[in-house]
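Descriptive analysis of the structure
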Amino acid sequence: MTSSSSPSSLLFVIVGSNEPLFEVDLQASSQPISDAATRQSYFVLHSALDLVERSASNQMYLKIVDKVNQQQVSTFLTAGNIKLMLLHNVHQNKSEEAIRQFFQDVYELYVKFSMNPFYAYDTPIISEAFDTRVRALGRKYLS
């Protein structure tokens with residue numbers, strides 16, 4: 001696969017113990033991404049998830065855990081075993097520091113959200129305010 005046929009994606013997901021809790025495409029593109037590209041992105045994230053679950057690291061920020069073609073997966077693992085994962089392309093030139101800061105700020109946002117008494121831990125996040133704030137952090141650090 002060439003880089004021109006590689007999907008240009010910036011996909012962020014929060015994964016709980018059994019299912020994705022939140023997902024957002026942070027790509028600022030007006031062009032729709034093909035169904036095949038979307039499936040490939042989720043396949044790459046899913047395979048990286050297996051690697052994260054097998055790792056025995058005590059670090060929260062795991063950096064890049066998987067590379068497939070032109071796509072990389074960076075991961076942040078919380079103390080409660082919630083995984084924050086970002087799929088990005090090699091040619092997007094995202095700095096490690098910008099990605100780490102994005103994860104740190106989203107983690108703080110997630111902790112505040114999870115302390116809400118109306119939120120059941122490890123369930124999908126359907127808050128529009130949460131979505132808006134994650135997108136704003138994506139623009140701040142990843143654009």
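As shown above, the structure is provided for reference.
Read on for an overview of the structure.

Rules behind the numbers
- Residues numbered from 1 in each chain as written.
- Predicted model: local features only at pLDDT ≥ 70, side-chain atom pairs only at ≥ 80, totals over all residues.
- Heavy atoms only, no water.
- Phe/Tyr/Trp six-rings, centres within 6.5 Å; stacked < 30°, edge-to-face > 60°.
- Core = buried A, V, L, I, M, F, W, Y, C linked by side-chain atoms within 4.5 Å.
- Buried < 20%, exposed > 50% of the residue type's maximum accessible area, 1.4 Å probe, protein only.
- Helix = DSSP H or I, 4+ residues; strand = E, 2+ residues; numbered from the N terminus.
- Contact = heavy atoms within 4.5 Å.
- Pairing = 2+ DSSP bridges.
- Axes fitted to C-alpha atoms, helices over the stretch in contact; angles between N-to-C directions.

1. Notes on the packing of aromatic side chains
With the rule as written, the count across this model stands at ten aromatic pairs. Feature note: the residues F12, F22, Y61, F76, F102, F103, Y107, F113, Y119 and F130 constitute an aromatic cluster, connected by ring pairs.

2. As for the nonpolar core
F12, I14, L84, F102, F103, F130 and V134 are the most contacted members of the largest nonpolar core, which has 27 residues in total. If one sorts the elements of this core by residue count, helix α2 (residues 96-114) sits on top with eight residues. Those residues in contact with I14, other than ones at most four positions away along the chain, are P20, L21, F22, I82, K83, L84, V106, Y110, I125 and F130. Core analysis: the second largest hydrophobic core is formed by 13 residues, V13, V15, V73 and M85 among them.

3. What to know about the sheet that holds strand β1 (residues 10-15)
The five strands are arranged β2-β1-β5-β4-β3 in an open sheet whose pairing can be described as antiparallel. Looking at strand neighbours, the two that pair on one side only are β2 (20-25) and β3 (61-68), the edges of this open sheet. Averaged over all neighbouring strand pairs, the angle between strand axes comes to 20°, with direction disregarded. Contacts from helix α1 (residues 35-54) reach β1, β2, β3, β4 (71-77) and β5 (83-89) within the one sheet, and its direction differs from that of β5 by about 135°. Against the sheet, α2 contacts β1, β2, β3, β4 and β5, and its axis sits at roughly 145° relative to β5.

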